[in-house]
Amino acid sequence: MDSEQFKQLLEHQTTLITALLKGANNQAAQNQVQGHASIHQPSASNVQVPQPSPLMLDGDMRDNFEFFERNWKDYAKAIGMDRWPREENEQKVSFLLSVIGEPARKKYFNFELTEAEKANPETALEAIRKKVIVKRNVVVDRLDFFSAVQSSQESIDEYASRLKTLAKTAKLEQLETDLIAFKVITSNKWSNMRAKLLAIEDITLTKAVDMCRAEEITAMRSQDLVIRKAEMEVNKVKSKYRSRKQEQRCKFCGDAHEFTKGSCPAFGKRCHRCKGKNHFERVCKLGSSKSKTRKFKKVKKIKDGSSESEEESSTCNEASSEDSDDECEIGKIVDNSNKGGSVLAQLNLKFSDEWTKVECELDTGANTSLIGREWLDKLSGTTKVDILPSKLRLQSFGGNPIKVLGQVKIPCHRKGRRFRLVLQVVDVNHRPLLSAKASRMLGFVKFCKSVTFSKTDSTNSEHNTLNVYRIKAQKIVEEYHTLFQGYGKFTGTVSLEVDETIQPSIQPPRRVPIAMREKLKKELKQLETDGLIVKEVMHTEWVSNIVVVQRGDSESRNIRICLDPIPLNKAIKRPHLQFNTLDEILPELGKAKIFSTMDAKKGFWHVELDEPSSKLTTFWTPFGRYRWTRLPFGISSAPEIFQMKLQEVIQGLEGVECLADDLLVFGVGDSLEDALINHNKCLLNLFRRLNERET
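Here the residue index of a chain counts from 1 through its sequence in written order. Residues qualify for local features only when their pLDDT is at least 70, as the model is predicted, and side-chain atom pairs are given and counted only at 80 or more; totals for whole chains, interfaces and linings, by contrast, use all residues. Working from all heavy atoms in the structure, the side-chain values ignore hydrogens and water.

When its secondary structure is counted, the chain shows 22 helices and 20 strands. In the chain, which comprises 695 residues, the proportion classed as buried is 35%. Nonlocal contacts in the chain, meaning residues at least 24 apart in sequence, comprise 61% of its contacts between residues at least 6 apart. Residue burial considers only the protein chains on display, and all accessible areas are found by Shrake-Rupley using a 1.4 Å probe. Accessible surface computed for the chain: about 44700 Å², of which carbon and sulfur atoms make up 51%. Each helix is a run of H or I in the DSSP string that is no shorter than four residues. Each strand is a run of E no shorter than two, and both are numbered from the N terminus. Burial classes follow relative accessibility: with a 1.4 Å probe on protein chains only, a residue under 20% of its type's maximum area counts as buried, one over 50% as exposed, and anything between as partly exposed. It only takes one pair of heavy atoms within 4.5 Å for two residues to be counted as in contact.

Here is the structure:
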């Protein structure tokens, strides 16, 4: 090999080595890029990580968001997103918005993230939290916690879990466990268990729940035994030879069948002859020759709080001992009102298959009849009375809630007619109380729709004296008859104060049913004619919907338009006025003998709004936008504003008190005549004041 050939060999080897080094460098760079890409997404050999569930929009949004946030952080850690470089932050935010779900993005307008928030995942997540979670009212949350009562269908574990959830929301902090134990002890559904738990010293939450759980299991086992016993009686083997009793004809349907519950074909059917229930026409006693001396009566079931009273028809034998005059007679009414007591009436009620004469309290101001649990146990002679569930929520006149344990249906008699009285069982010591409806149907009270007065020649008797001053009072009313026409108006205008930090809202229009559009159009036209609303064609920052309330019976039913300003009520600042209650004005009525009451006709409409406040009350209708010139129904501060205006008008007047939208005029005196004179004087002064203040 000469020198020239050796030189060529060296050049060739140098070229090969250079190519090998360049290939090695390219391979290392490619491996580095693939390694970086593998951080973004796991390789096919790794386990595929499922995406977290989207953000739920139903229920408590705080719990929903915290659940989504935990799942998102676990998902980001599982796929290695937490190790991505800072330059990939925008891609992380894109991943977050895609995982959170399309319904949430639509509802919150893609969360309206700024460029700075999109550049940081943590900042974006915090911004989404502020959009989703609404600031809670701790006072309301604590009210929900302390008013939580175990329902009849709720287990003790479910109740304790619900209390823990409410306690977290109410932020009870160090007292959380103690207050949960207090609620379990005092608000469980077993009255005997509450008394037992209160008698135990150093009771803890765990021990209270364990004892309630044991009571629950005992009640379930007892119920199972009753059900099994009933099933054994129903499903027992029958002999192929029927007894003589089974072969007898049924007095309800006229056919022969087994006398078991629900087997009679007439059960639930109505007779075509007497319109009674649970029997056929062919066995109806009203049409038989033997029943010509019988009298057909109706059995009425009094259901307070419902729209109509249910009626059941049956035949009653007047010669039977059950419907005898001695048994059906109502005792005298005892009036203890002069002595500070209540009005009582003796009524025969049936408890545990025995008739008992009970003194019931008459309360024409009550909307439903009730009885205390202790009285119910005392009258029935047992603590295991079957109490039916009740959906009513009761409160006293002062607004305090009354705990309802359920309801019972008690038979009673009145002049040969049978009634089934529905009484709400309350957790207070109270004798049976009859509502206005029950007292009227039983014949204890009678309501007069009108009263007429006539002049008499004699002026000696007390009755004639009363009539004379009644006629004078009526003349005063006739003199100021203009006060009872149209809509009045307080002097001056009112401004609604709004929190400027709350964003104005224009609610989406709510559709009105076709059947109500004509009535709505007529009512809007009338309100516009009366000057209560005006058409609004300019832009307003607040636009609310309306609620159409139907009033009156089915034949003469009219409507009332109420504003539904849910967002606006959150922004309105309320004056927080303390209202007068009946308990506060009772001392003023100690010597009063004569009373008159006046009700303000749609009182809120007597308050005039200024122009900016009127703009706030703009509302949608199918016939255009309108705004109120008077204070509408639905505004959160309306009761306080109206009450302040009304109290301002009657301030300083003797013998006049204000209670809600009612004015009470009373006369005080040592004798009846003095009280009548004082009453008419106070009435005249009130009418003069109202006439002066009316604009």
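The next thing to look at is the confidence of the model for the chain. Residue-level confidence of the predictor is what pLDDT reports, using numbers from 0 through 100. When pLDDT is averaged along the chain, the result is 76; 79% of the residues meet or exceed 70. When pLDDT is averaged over each element of the chain, strand β18 (residues 626-628) comes out on top at 91 and helix α13 (residues 325-328) at the bottom at 31. Overall, residues 32-45 carries pLDDT values under 50, and its contacts beyond four positions in sequence, including any with other chains, amount to ten contacts. Of the regions scoring below 50 in pLDDT, residues 288-333 engages in 100 contacts with residues more than four places distant in sequence or in other chains.

Here we come to the nonpolar core. We call a set of buried residues a nonpolar core when its members are Ala, Val, Leu, Ile, Met, Phe, Trp, Tyr or Cys and they connect through side-chain atoms within 4.5 Å of each other. Counting residues in each nonpolar core, the largest one holds 51 residues, and the members touching the most others are Phe619, Trp628, Leu631, Ile650 and Leu686. In terms of residue count, helix α21 (residues 638-650) provides more of this core than any other element does, six residues in total. Excluding residues within four positions of it along the chain, Leu686 makes contact with Met598, Ile650, Leu653, Val656, Leu663 and Val665. With 25 residues, the next largest nonpolar core counts Phe68, Leu96, Phe111 and Ala124 among its residues.

Each regular strand shows side chains that alternate between the opposite faces of the sheet. Two strands are said to pair when DSSP picks up at least two bridges between them. Summarising the sheet, strand β4 (residues 343-351) and strand β5 (residues 354-362) pair through nine bridges and their orientation is antiparallel. The residue bridging Gln346 from the neighbouring strand is Glu359, located in β5. Between β4 and the antiparallel strand that follows it, β5, lie two residues; Ser352 among them carries a positive phi value of about 55 degrees.

What follows concerns the sheet that holds strand β16 (residues 592-599). Strand order in the open sheet formed by three strands is β16-β20-β19, with antiparallel pairing between adjacent strands. Both outer strands of the open sheet, β16 and β19 (656-659), are each paired with one neighbouring strand and no more. For this sheet, the mean inter-axis angle between neighbouring strands, taken without regard to orientation, is 25 degrees. Note: β19 against strand β20 (residues 662-668), four bridges, orientation antiparallel. Bridged to Leu659 within β20 is Asp662. Sheet strands in contact with α21 are β19 and β20, and its direction is about 180 degrees off that of β19. A fitted line through C-alpha atoms serves as each axis, taken over the contacting stretch for helices, and the angle formed by two N-to-C directions is quoted from 0 to 180°.

Burial runs high along β20: five of the seven residues are buried. In terms of strand pairing, β16 meets β20 through seven bridges, oriented antiparallel. Across the sheet, the residue bridging to Ile594 is Gly667, located in β20. Connecting β19 to the next strand, β20, in antiparallel fashion are two residues, including Ala660 with a positive phi near 60 degrees.

This brings us to the side chain of Thr617. Along the polypeptide, Thr617 turns up in the loop between α20 (611-616) and β18. The class for Thr617 is buried, based on a relative accessible area of 0%. Not counting chain neighbours up to four residues away, the residues in contact with Thr617 comprise Leu496, Leu563, Leu609, Tyr626, Arg627, Trp628 and Pro632.

Two elements in contact, helix α8 (residues 156-170) and helix α9 (residues 176-187), have axes separated by 10 Å at closest approach and are oriented at 140 degrees. By the criterion of interaxial angle, the relationship of α8 to α9 is oblique. When you trace α8 past α9, the crossing you get is right-handed. Of α9, the residues touching α8 (which contributes Ile156, Tyr159, Leu163, Lys164, Ala167 and Lys168) are Glu176, Ile180, Lys183, Val184 and Ser187. Note on residue categories: nonpolar means Ala, Val, Leu, Ile, Met, Phe, Trp, Tyr, Cys or Pro, charged means Asp, Glu, Lys or Arg, and polar means any other residue, Gly included. Considered class by class, the residues forming the contact of α8 with α9 number six nonpolar, one polar and four charged. Geometric relationships in this document are graded by angle, where less than 35 degrees denotes roughly parallel, more than 145 denotes roughly antiparallel, 65 to 115 denotes roughly perpendicular, and other angles denote oblique. Crossing handedness is read from the near helix: turned anticlockwise from the far helix by less than a right angle, it gives a left-handed crossing, and turned clockwise, a right-handed one.

Just to be clear on terms, a salt bridge is a Lys or Arg side-chain nitrogen sitting within 4 Å of an Asp or Glu carboxyl oxygen. As enumerated under the stated definition, the model contains 16 salt bridges in all. In this structure, Arg194 and Asp427 form a salt bridge, with 3.9 Å as the shortest nitrogen-oxygen distance. Taken together, the residues Arg194 in helix α10 (residues 191-198) and Asp427 in the loop between β10 (417-426) and β11 (433-434) connect sequence positions 233 residues apart. A relative accessible area of 11% places Arg194 in the buried class. The exposure class assigned to Asp427 is partly exposed, which follows from its relative accessible area of 38%. The salt bridge partner of Lys615 is Glu536, with a shortest N-O separation of 3.2 Å. Residue Lys615 is found in helix α20, and its partner Glu536 is found in the loop between β13 (533-535) and β14 (545-551); the two are separated by 79 residues along the sequence.

This part is about helix α14 (residues 373-380). Among the residues of α14, Arg373, Leu376, Asp377, Leu379 and Ser380 are the ones counted as buried. Looking one or two places after α14, you find Gly381, whose phi comes out positive at around 75 degrees.

With a phi close to 55 degrees, Glu173 is a non-glycine residue in the positive phi region. Relative to the elements of secondary structure, Glu173 occurs in the loop between α8 and α9. The backbone phi angle of Asp202 is positive, close to 55 degrees, even though this residue is not glycine. Structurally, the position occupied by Asp202 is in the loop between α10 and α11 (205-234).

This part takes up the environment of Lys409. Positionally, Lys409 belongs in strand β9 (residues 404-414). On the accessibility criterion, Lys409 (32% relative accessible area) is partly exposed. Separated by 21 residues in the primary sequence, Lys409 and Leu388 have C-alpha atoms spaced 8.6 Å apart.

The next point concerns the packing of aromatic side chains. Whether two aromatic rings pair depends on their centres lying within 6.5 Å, for rings of Phe, Tyr and Trp, where Trp uses its six-membered ring; planes under 30 degrees apart make the pair stacked, over 60 edge-to-face, and the rest tilted. Under the defined criterion, the tally for this structure stands at twelve aromatic pairs. Seen from their ring centres, Trp605 and Phe633 are 5.7 Å apart, and the 70 degrees between their planes marks the pair as edge-to-face. Note that Trp605 is positioned in the loop between β16 and β17 (608-609) and Phe633 in the loop between β18 and α21, a separation of 28 residues in sequence. Ring geometry for Phe619 against Trp628: centres 5.9 Å apart, planes inclined by 40 degrees, an arrangement best described as tilted. The buried category is assigned to Phe619, whose relative accessible area is 0%. For Trp628, a relative accessible area of 0% gives the class buried. Members of the aromatic cluster, each reached through a chain of ring pairs, are Phe490, Phe604, Trp605, Phe619, Tyr626, Trp628, Phe633 and Phe642. Geometry around Trp375 places Lys378 over its ring, the cationic atom sitting 5.3 Å from the centre. Any Lys NZ or Arg CZ that is within 6 Å of a ring centre and within 35 degrees of that ring's normal is treated as a charge sitting over the ring.

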